[in-house]
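Commentary on secondary and tertiary structure
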Amino acid sequence: MASGDELIKYITERVVNYIDTPKEIRRKAKVKESWTTRWFGMIPFSMSLWKEDVTSKRKKRQK
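All figures in this text were calculated on a predicted structure; none of them were measured in a lab.

1. Overview of the overall build of the protein chain
Summing up its helical and strand segments, the protein chain has 4 helices and 0 strands in all. Shown N-terminal to C-terminal, the secondary structure of the protein chain runs as helices and strands in the order α-α-α-α. For 63 residues, the compact-globule estimate of 2.2 N^0.38 gives 11 Å, and the protein chain exceeds it by more than 25% at 22 Å. Relative to its full complement of 63 residues, the protein chain shows a buried share of 0%. Accessible area of the protein chain: about 6700 Å², with a carbon and sulfur share of 61%. Looking at the protein chain, you have 16 positive and 8 negative side-chain charges, and the mean spots of the two groups are 16 Å apart.

Below you can see the structure in the form of structure tokens.
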């Protein structure tokens, strides 16, 4: 039963902390993820990193 009590205590602390923070601070803290990340996960991000790596290697070879 101790774990249930700890869970209730944790949730209560989080709710009180959320209520105590002003709306302006809560709005600034939200980070909106892009639609590509929301729909496809990390695949677009990894593809963009791969593309940057390939183009940088090509530029190094041309010099």
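2. Considering the pattern of salt bridges
For the structure shown, the criterion picks out 1 salt bridge. The salt bridge partner of aspartate 53 is lysine 57, with a shortest N-O separation of 3.6 Å. Pair noted here: aspartate 53 and lysine 57 are both in helix H4 (residues 43–62), with a separation of 4 residues, about one helical turn. Relative accessible area serves as the criterion here: at 47%, lysine 57 is assigned to the partly exposed category.

3. A short note on the environment of threonine 36
Positionally, threonine 36 belongs in helix H3 (residues 35–40). The partly exposed category is assigned to threonine 36, whose relative accessible area is 24%. Measuring from C-alpha to C-alpha, the distance between threonine 36 and serine 3 comes to 38 Å, with 33 residues separating the pair along the chain. Beyond its immediate chain neighbours, meaning those up to four positions away, threonine 36 contacts Gly41 and Pro44.

Parameters and conventions
- Residues numbered from 1 in each chain as written.
- Predicted model: local features only at pLDDT ≥ 70, side-chain atom pairs only at ≥ 80, totals over all residues.
- Heavy atoms only, no water.
- Helix = DSSP H or I, 4+ residues; strand = E, 2+ residues; numbered from the N terminus.
- Rg over C-alpha atoms; globule rule 2.2 N^0.38 Å.
- Buried < 20%, exposed > 50% of the residue type's maximum accessible area, 1.4 Å probe, protein only.
- Areas by Shrake-Rupley, 256 points an atom, 1.4 Å probe, with all protein chains shown as cover.
- Lys, Arg positive; Asp, Glu negative; His and termini not counted.
- Charge placed at Lys NZ, Arg CZ, Asp CG, Glu CD.
- Salt bridge = Lys/Arg side-chain N within 4 Å of Asp/Glu carboxyl O.
- Contact = heavy atoms within 4.5 Å.

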